[in-house]
Amino acid sequence: MATAKQTSIEDARQDFYDRMSPGNMTPLWQVLHSLVTPEPSSTCESAIWHYDEVRPFIEEAGNIITAEEAERRVLILENPGLRGQSRITTSLYAGLQLILPGEIAPSHRHTQSALRFVVEGEGAYTAVDGERTIMREGDFVITPTWTWHDHGNETDRPMVWMDGLDIPMIQFFDASFAERYPEPEHPISRPVGDSEARYGAGLLPDGYRNAGPSSPVFNYPYARTREALEQMRRRAEWDPCHGLRMRYVNPVNGDYAMPSIATFMQLLPAAFETAPYRSSDGIVFSVVEGHGETRIGDRVYQWGPRDIFVIPSWTSYVHVASEDAVLFSFSDRVVQEKLGFWREDRSRN
């Protein structure tokens, strides 16, 4: 039973709160516990998108709207805990884009940085600031911030890739700018493969100075990545939490390939079970090869080629590969590291 003194104190406090509220002020002590939490507390949830279930919707989208009408014909992968926010994690966006034979997704540019990870088909192109690159399954392609880019498909088959963008980060900073090019395609000024030849062969043009924070290589072909994984496999230097994992880098300075999105490719050999692991970055995975399962908290997700799944921040997970498996992943780890608060936990090993 509250005493008269306690009631008087509470009444005085409430009066204080009520009087300051019109001045757009509020007491920290009422919300501190929810602002500065002992551990990450996210509404982001684990989830999986099985490609064989998603693919019919992608195909139907191709029947109801053209790439030109949509500007980008994409089905957003919305995290079930963040519905209506166009987010797959708290800080990142993901979607599946379809381009049909003969189509062009018109040229535009925007503040947001984007990655393309090819999940189905080959032969379509992305053009970035005057250079085209031909895309194949498993390729990781970068569209740096504020670069003109368009997509086209001159083959006879549809092509699908996963888009990953830092849209929520740009929204947080209120720094979104976008512009559409007056023509469907930006003029081509460099031959196919120019960037890879100049910057991706362990060589750099003499006197080159990196012009921006993104890698000057904008297509990292899967064939080369897969070969690198196989070469490294011979040493059998398996990380207990990741198997054999490689980080995509900017060849100029060894930093992450993108300034706001960290990207990785990893190999899990057949029957390999990773040790429990968690980190402060929410992670999106796309399965390139193989079958297996991932235990995320108290949930188990079975996966196979082209499936996509997400792991929330600071949630323990374990991968189990039933056969040789290759997984692509991306997260905001690069930003967290640069700001000094990224954290991982291997203590459960």
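Because the structure is predicted, anything quoted here is derived from the model rather than measured.

A. Structural context of the sheet that holds strand β8 (residues 140–143). The sheet built from 6 strands is open, its strands ordered β2-β3-β10-β5-β8-β12 with antiparallel pairing. Bordering the open sheet on either side are β2 (74–76) and β12 (219–220), each of which pairs with just one other strand. Looking at chain direction, strand β5 (residues 114–120) and strand β10 (residues 159–165) are connected through 6 bridges and run antiparallel. Across the sheet, residue Arg 116 finds its bridge partner in β10, namely Asp 163. Lying on the sheet, helix α3 (residues 51–64) is in contact with β2, β3 (93–99), β5 and β10; it crosses β3 at an angle near 55°.

B. Just the packing of aromatic side chains, in detail. In total, this model carries 18 aromatic pairs according to the counting rule given. Ring centres of Phe 140 and Phe 328 lie 5.8 Å apart, and the angle between their planes is 40°; on these two criteria the pair is classed as tilted. One end of the pair, Phe 140, is in strand β8; the other, Phe 328, is in strand β21 (residues 325–331), and 188 residues separate them in sequence. Grouping residues by exposure puts Phe 140 and Phe 328 together as buried. In this structure, Arg 245 is placed above the aromatic ring of Phe 264, and the distance from its NZ or CZ to the ring centre is 4.2 Å. Seen from the ring of Tyr 256, Arg 247 lies directly overhead, with NZ or CZ sitting 4.6 Å from the centre.

C. Summary view of the sheet that holds strand β11 (residues 178–180). Overall, antiparallel pairing links the 5 strands, which are arranged β7-β6-β9-β4-β11 in an open sheet. Two strands in the sheet have a free side with no partner beyond their single neighbour: β7 (131–134) and β11. Taken over all neighbouring pairs, the strand axes of this sheet differ in orientation by 25° on average, direction set aside.

Rules and cut-offs
Residues numbered from 1 in each chain as written. Predicted model: local features only at pLDDT ≥ 70, side-chain atom pairs only at ≥ 80, totals over all residues. Heavy atoms only, no water. Pairing = 2+ DSSP bridges. Helix = DSSP H or I, 4+ residues; strand = E, 2+ residues; numbered from the N terminus. Contact = heavy atoms within 4.5 Å. Axes fitted to C-alpha atoms, helices over the stretch in contact; angles between N-to-C directions. Phe/Tyr/Trp six-rings, centres within 6.5 Å; stacked < 30°, edge-to-face > 60°. Buried < 20%, exposed > 50% of the residue type's maximum accessible area, 1.4 Å probe, protein only. Lys NZ or Arg CZ within 6 Å of the ring centre and 35° of its normal.

Geometric values such as these leave the question of function open.
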